[in-house]
Amino acid sequence: MKESREARNGRRASRAKPARNVLREGLRLERVPDPSVVVLFGATGDLAHRKVIPALYHLWRTNLLPHEFRLVAIGRRPYDDDTFRAEILASLERYSRVLPLDLDAWESFAPRIDYHRLDFDDTAGFEKLASALDAYDAEHGTPGNRLYYLAAQPSQFAELIAQLGRAGLDHERHEGGWRRVVIEKPFGHDLDSARRLNREVGKVFRESQVYRIDHYLGKETVRNLLVFRFGNGIFEPLWNRRYVDHIQITVAESIGIESRGAFYEQTGASRDVLQNHLLQLVSLVAMEPPATFEANALRDEKVKVLRAISTDPANDVVRGQYGPGWVAATQVPGYRAEDGVDPASETETFVAAKFTIDDWRWSGVPFYVRTGKRLPKRATEIAIQYREVPHRLFEDEGVTPDANLLAIRIQPDEGIMLRFGAKVPGLGLDVRSVTMDFAYGSAFNVDSPDAYETLILDALQGDASLFTRVDEVEEAWGIVDPIIDTWATASAPRFPNYDAGSWGPDAADALLEREGHRWRRI
Amino acid sequence: MAPDLRPMETPTETHIHIGEPILRWSARAQSIAEIESEISGMWSAHHPQDGADDGSVRNIAARTSVMNLVVVASGPELAERSAATIQALTGRHPSRTVVIQSADPDGPSWLDARIEAHCVLPHPDAAETCAETIHVRSGGEAGRHLSAIATPLIIHDLPVTVWWPGEPALTGPAAKRLLAGADRLVVDGSTWRSDGLDRLRQMAELQEASSLAISDFALDRQSRWREAIASIFDDPEFLPFLRSIRRIAVTFATHDETGAPGSTNLVKPIYHVGWLASRLGLSVVRPLTAVGGAARASRANVGKPISGPGLGATLSDGRREVAIVIRPIVSPMAAGTTLRVELLAERRGSELRADVTAEAETVRCRVWLDGVEALDRRFRAPRRGDVDLLADAIESGRRDPVAAGALRSAAALVAPGGPGGSAPP
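**Points about the overall build of chain B**
Along the backbone of chain B there are eleven helices and 17 strands. When each of the 425 residues of chain B is scored for burial, the buried share is 54%. Looking at chain B alone, contacts between residues at least 24 apart form 72% of all its contacts between residues at least 6 apart. For chain B, the computed accessible surface area is about 17500 Å², with 53% contributed by carbon and sulfur atoms.

**Some details on the environment of Arg114(B)**
All names here are of chain B. In this structure, Arg-114 sits in strand 5 (residues 110–120). Relative accessible area serves as the criterion here: at 29%, Arg-114 is assigned to the partly exposed category. A C-alpha to C-alpha distance of 30 Å links Arg-114 and Arg-384, two positions 270 residues apart in sequence. If near-sequence neighbours (up to four positions away) are discounted, Arg-114 is found in contact with Ala-27, Arg-28, Thr-133, Ile-134 and His-135.

**Points about the packing of aromatic side chains**
Residues and elements named next belong to chain A. One pass over the full model with this rule turns up 20 aromatic pairs over all chains. When the ring of Phe-41 is compared with that of Phe-120, the centres are 6.0 Å apart and the planes differ by 75°; the resulting orientation is edge-to-face. Of this pair, Phe-41 sits in strand 1 (residues 37–41) while Phe-120 sits in the loop between strand 3 (113–117) and helix 5 (123–140), and the two are 79 residues apart along the sequence. For Phe-41, a relative accessible area of 0% puts it in the buried group. The exposure class assigned to Phe-120 is buried, which follows from its relative accessible area of 7%. For the ring pair Tyr-368 and Trp-519, a centre distance of 6.2 Å and an interplane angle of 70° mean the geometry is edge-to-face. In this pair, Tyr-368 is assigned in strand 14 (residues 367–372) and Trp-519 in the segment after helix 14 (506–513), connecting sequence segments 151 residues apart. Comparing Tyr-368 with Trp-519, the two get one shared label, buried. Every member of this aromatic cluster is reached through a ring pair, and the members are Tyr-57, Trp-60, Phe-69, Trp-106 and Phe-109.

**Some thoughts on the sheet that holds strand 14 (residues 338–347) of chain B**
The strands making up a sheet associate through backbone hydrogen bonding, with each pair oriented either parallel or antiparallel. All names here are of chain B. Spatially, the eight strands line up as an open sheet ordered 11-12-13-10-14-15-16-17, and their pairing is mixed. Of all the strands in the sheet, just strand 11 (283–290) and strand 17 (372–380) have a single pairing partner and so form its edges. For this sheet the average axis-to-axis angle between neighbouring strands, irrespective of direction, equals 15°. Strand direction decides the pairing type here: strand 10 (residues 245–254) and strand 13 (residues 321–330), joined by eight bridges, are parallel. Across the sheet, the residue bridging to Val-250 is Ile-326, located in strand 13. Here helix 9 (residues 267–280) sits on the sheet and contacts strand 10, strand 11, strand 12 (311–316), strand 13 and strand 14; the angle it forms with strand 10, its principal contact strand, is near 160°. Its contacts with the sheet put helix 11 (residues 401–413) on strand 11 and strand 12, and the angle it makes with strand 11 is roughly 55°.

**Let's talk about the environment of Gly397(B)**
Mapped onto the elements of the fold, Gly397(B) is located in the loop between helix 10 (386–395) and helix 11. On the basis of relative accessibility, which here comes to 56%, the residue Gly397(B) falls in the exposed class.

**Some details on a nonpolar patch on the surface**
Residues and elements named next belong to chain A. A cluster of nonpolar side chains, contributed by Leu-393, Phe-394 and Leu-429, occupies part of the molecular surface with about 260 Å² of accessible area. One can find Phe-394 in the loop between strand 15 (379–386) and strand 16 (405–411). Assessed through its relative accessible area of 32%, Phe-394 is described here as partly exposed.

**As for the side chain of Arg271(A)**
Residue and element names in this part refer to chain A. Residue position: Arg-271 is located in helix 9 (residues 261–286). No salt bridge is formed by the buried Arg-271; the nearest opposite charge belongs to Asp-190, separated by 5.2 Å. Look past the residues within four positions of Arg-271 in its chain and what remains in contact with it is His-189, Gln-266, Asn-276, Glu-348, Trp-477 and Ile-484.

**Details of the confidence of the model for chain B**
Residue and element names in this part refer to chain B. Looking at chain B as a whole, its pLDDT mean stands at 82, while 81% of the residues score no less than 70. Overall, residues 293–307 carries pLDDT values under 50, and its contacts beyond four positions in sequence, including any with other chains, amount to 23 contacts. pLDDT under 50 marks residues 420–425. Its contacts with residues more than four places away, or in other chains, come to ten contacts.

**So, the sheet that holds strand 2 (residues 70–75) of chain A**
Residues and elements named next belong to chain A. Judged by pairing direction, the sheet is parallel, and its six strands sit side by side in the order 3-2-1-4-5-6 without closing on themselves. This sheet does not close on itself; its edge strands, each paired only once, are strand 3 and strand 6 (210–213). On average, adjacent strands in this sheet sit at an angle of 20° to one another, irrespective of strand direction. In this structure, strand 4 (residues 146–150) lies alongside strand 5 (residues 179–184), joined through five bridges in parallel fashion.

**Some thoughts on the pattern of salt bridges**
Summed over the entire model, instances satisfying the criterion amount to 51 salt bridges over all chains. Close ionic contact of Glu515(A) with Lys354(A) constitutes a salt bridge, the shortest N to O distance being 2.6 Å. Within this pair, whereas Glu515(A) is found in the segment after helix 14, its partner Lys354(A) is found in strand 13 (residues 350–357), the two being separated by 161 residues in sequence. In this structure, the salt-bridge partner of Glu77(B) is Arg81(B), at a minimum N-O distance of 3.8 Å. Placement of the pair is Glu77(B) and Arg81(B) together in helix 2 (residues 76–87), with a separation of four residues, close to one helical turn.

**Concerning the environment of Asp317(B)**
All names here are of chain B. Relative to the assigned elements, Asp-317 resides in the loop between strand 12 and strand 13. Accessibility expressed as a relative area gives 24% for Asp-317, which makes it partly exposed. Expressed as a C-alpha distance, the spacing of Asp-317 and Ala-228, which sit 89 residues apart in the sequence, is 23 Å. When residues no more than four places from it in sequence are discounted, the contact partners of Asp-317 are Arg-243, Arg-246, Gly-281 and Leu-282. At 2.9 Å, the side chain of Asp-317 and the backbone nitrogen of Arg-319 are in polar contact.

**Observations regarding the nonpolar core**
Within the largest apolar cluster, 146 residues are counted, with the highest numbers of intra-cluster contacts made by Phe41(A), Tyr149(A), Trp239(A), Phe367(A) and Ile382(A). Here this core takes eleven residues from helix 9 of chain A, the largest share from any one element. In contact with Phe367(A), other than residues within four places in its own chain, are Ile247(A), Val282(A), Val285(A), Ala286(A), Ala353(A), Lys354(A), Phe355(A), Ile357(A) and Trp362(A). Among the nonpolar cores identified, the runner-up in size contains 92 residues, and Leu212(B), Leu288(B), Leu343(B) and Ala381(B) belong to it.

**Side note on unusual backbone geometry**
Between Lys185(A) and Pro186(A) the backbone carries a cis peptide bond, its omega angle lying at 5°. Turning to its location among the elements, Pro186(A) is positioned in the loop between strand 5 and helix 7 (191–204). Omega for the bond connecting Phe495(A) with Pro496(A) falls within 30 degrees of zero, at -5°, which places this linkage in the cis form. Note on placement: Pro496(A) falls in the loop between helix 13 (470–489) and strand 19 (498–499). Of note, the phi angle at Asp370(B) is positive, near 50°, even though the residue is not glycine. Given the relative accessible area of 46%, Asp370(B) is considered partly exposed.

**Let's talk about the domain arrangement of chain B**
Residue and element names in this part refer to chain B. The domains assigned to chain B are domain 1 (6–182) and domain 2 (223–413). In this complex, domain 1 contributes ten residues to the contact, which on the side of domain 2 involves eight residues. In total, about 770 Å² of surface goes out of reach between domain 1 and domain 2, with carbon and sulfur atoms giving 72% of it. Applying the counting criterion to the domain 1 and domain 2 interface returns zero salt bridges. Applying the counting criterion to the domain 1 and domain 2 interface returns zero residue pairs in polar contact (both at pLDDT 80 or more). A breakdown of the residues in the side of domain 1 that touches domain 2 according to their chemical character gives seven nonpolar, two polar and one charged.

**Details of helix 9 of chain B**
Helical geometry: 3.6 residues make up each α-helical turn, so side chains three or four residues apart lie on a common side. Residues and elements named next belong to chain B. In a regular helix each residue adds 1.5 Å, so 14 residues correspond to 20 Å; helix 9 covers 20 Å between its end C-alpha atoms and thus fits that length. Most of helix 9 sits inside the fold, with 14 of its 14 residues counted as buried. Backbone geometry just after helix 9 places Gly-281 at a positive phi near 70°.

Cut-offs applied
Residues numbered from 1 in each chain as written. Chains lettered and ligands numbered in written order. Predicted model: local features only at pLDDT ≥ 70, side-chain atom pairs only at ≥ 80, totals over all residues. Heavy atoms only, no water. Helix = DSSP H or I, 4+ residues; strand = E, 2+ residues; numbered from the N terminus. Buried < 20%, exposed > 50% of the residue type's maximum accessible area, 1.4 Å probe, protein only. Contact = heavy atoms within 4.5 Å. Areas by Shrake-Rupley, 256 points an atom, 1.4 Å probe, with all protein chains shown as cover. Phe/Tyr/Trp six-rings, centres within 6.5 Å; stacked < 30°, edge-to-face > 60°. Pairing = 2+ DSSP bridges. Axes fitted to C-alpha atoms, helices over the stretch in contact; angles between N-to-C directions. Patch = residues over 30% accessible without salt bridge, like charges linked within 9 Å, V, L, I, M, F, W, Y side chains within 5 Å. Salt bridge = Lys/Arg side-chain N within 4 Å of Asp/Glu carboxyl O. Lys, Arg positive; Asp, Glu negative; His and termini not counted. pLDDT = per-residue confidence, 0-100. Polar contact = N/O pair within 3.5 Å; in protein donor to acceptor, adjacent residues only side chain to side chain. Core = buried A, V, L, I, M, F, W, Y, C linked by side-chain atoms within 4.5 Å. Domains from an automatic or database assignment. Buried area = accessible area lost by both parts, 1.4 Å probe. Nonpolar A, V, L, I, M, F, W, Y, C, P; charged D, E, K, R; others polar. Expected span 1.5 Å × (residues − 1).

Now the structure itself:
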């Protein structure tokens, strides 16, 4: 008895909350990021210019970066600081989400950017980089805090990580000085390669130093999904198999592959979107409430969902490839006619799947997901389709109200819509579906930060909640790999099997129709 | 009397600028009923979505569903300045703004209103959203009943914020009725007459007696100081000293070399102490009183002389006392501006000294541990203008416990009548 009481007391003592900084309460940030250097690999590339550097500029503009912030841009091109800064300015004028540029902010931001030429296979070059960064710390008051951002080609990740390790750039100092690495998706191209990459990363960095970025998780509406589910009392009780008939998640793109033909030939829709964005959305929709809003608690719940997902690759997954057609009043070529694409390519540009989640909450509720290129519009949406009412009270009147629907729009026009039946005014008993619509734009009238701003700031603050953990990556590949393997051994459908500007192949419609469902018209 | 300006037949501008508000509607009215009728007409008969001015198809316009803002302006100059601030809230407008300006209180009752709708296209593919502004000038007895003007004009089910620039009459019956229907009161304590402390206490009493949330620009402007001070204790090495603070000294600018009581607004310096006291759970042992040179002799004076008379108080965490010093320095800065915040903490024989100063664009923190410099850090944190502060206030939700605590503690520091016996306004 005494023993157990002591054990309980011991547990209690060990769970005593650490001293906290009470002055932080109510301030804008949980903490101001430490003085730090962002070391951006692939700084002359598309991702850096379109997303990463504009995000850093906006964080600077809105005073969310520390005064001692520095950006060390790493690339192979023979630039000097001024050339690189001029190129960045041109990119900001093109890609900044707020224009015109705040030139005062740029004037103070630009001197904090330095260009460092480096070939990724140059071991001596990494040693020089290490010395240069040490000199930076001394000169600019950044006490060894470094965020390595890998915006390079995915094939270079393993080598880059190894070089960072060889140069000792991963070592965190006892007296302070954190080292974190941000890795852009794709995290491998199948389960084996993901495991290999994770092993290589794990040889150099601890998991707590690794931030795998899936920018979908930084989007305002995706984050709001957590608030919507767990910050409101009225939705969560209806968020289960008892009330939900099925769930549809759509990630539709109207664009084609643009200039990424060679890349897309190696990935396809399943690796490009299904393995990451779509499965992340499924896990956020289906997860149980975490005990705390802390990185690992959140990710533990997401992993449980991924582990519970099952699908029949032969019967429950549909692939497609677009042919020529019209999108947004413009004639566009078929996939096989795109630059860098094999004219006989069997790469899928569309995938639709039915997943089931074998757990207490979702057993028997189908999750339909679809993603594709050259669909009629750009739209990302999660639709919770509720069950019909148990007794159709108004059926005799010749009216059958549609079942309730909750649609969470992630892009564009972020918002939430609830559909329900209402009586049409008049003497009869006509019932019509009406919607209650919440639009972020009109409710808050404030520009949302770009997902990259959110995520980079989180990484600088050491908050990994919205980043993908190693086991999430591997579990997601564990779902997608069997699909790709099945396709490899089965003959492909006759590609192209959908016109650009349509909602995908007929088989995608049939996937739902066989269970009495149909895709939502978006 | 019939409105003398009908709804605009054509919008005034012919080119849509993304994010820029464009005047889509304007009308005049001479009674509350006429105002209501004009607004109703604006959203039905002549919907702002009707056609774009350049003949192109425009996305459907919708009224924003954010909140109501009631501005109480005591004179035309204040009304104009407030309107300019609201106009500058590009894209962050309340759904409806009612600017009330009373005039000629002894004359006959009258009311004259101008109603405007400004619309913003946030993005090329988004719906245009509109916000209404009603400028009401009212005279005679009617002008004294603020609530009777504001209440029928607010959009129901949306939060109501009352912005009362200048000298708010917080204790009068008209104010009480107006604020009873409000969710948030926005003021700027740093502009109040005299030392501003009587009004600070009145505001704290109002807060305790109601569920009203209060935003004071004087406190909100200090957020850059608070971020910097808090950041010191993010460092695990310094964090243990947070509960061992023994002295808090705030230096502020004055233009009055005599240091006469009531010559300088003290709201901002006192908020620093109020914030720290509330966060650290300190209670008042001895409220603020004039200390003259007493503080100069204090052992814990961080080695800096006090210029001119100051105020002193004593707080306690229940075990040990914390000395408070608020001292003026003649400075060209705006009177009442904080120039420096110093903290002294003692723990297990070690001493931590922190010195925080601010410039236009940055705040600087320096820390010494046992006399050895342990931190020197600058934060990029420009001074915030009224537009930003108002935008933050109207976007705030319920009462912010940190702001409420800072006000409560600041008011507790001030004995009735103020430390220098300042006269009630």
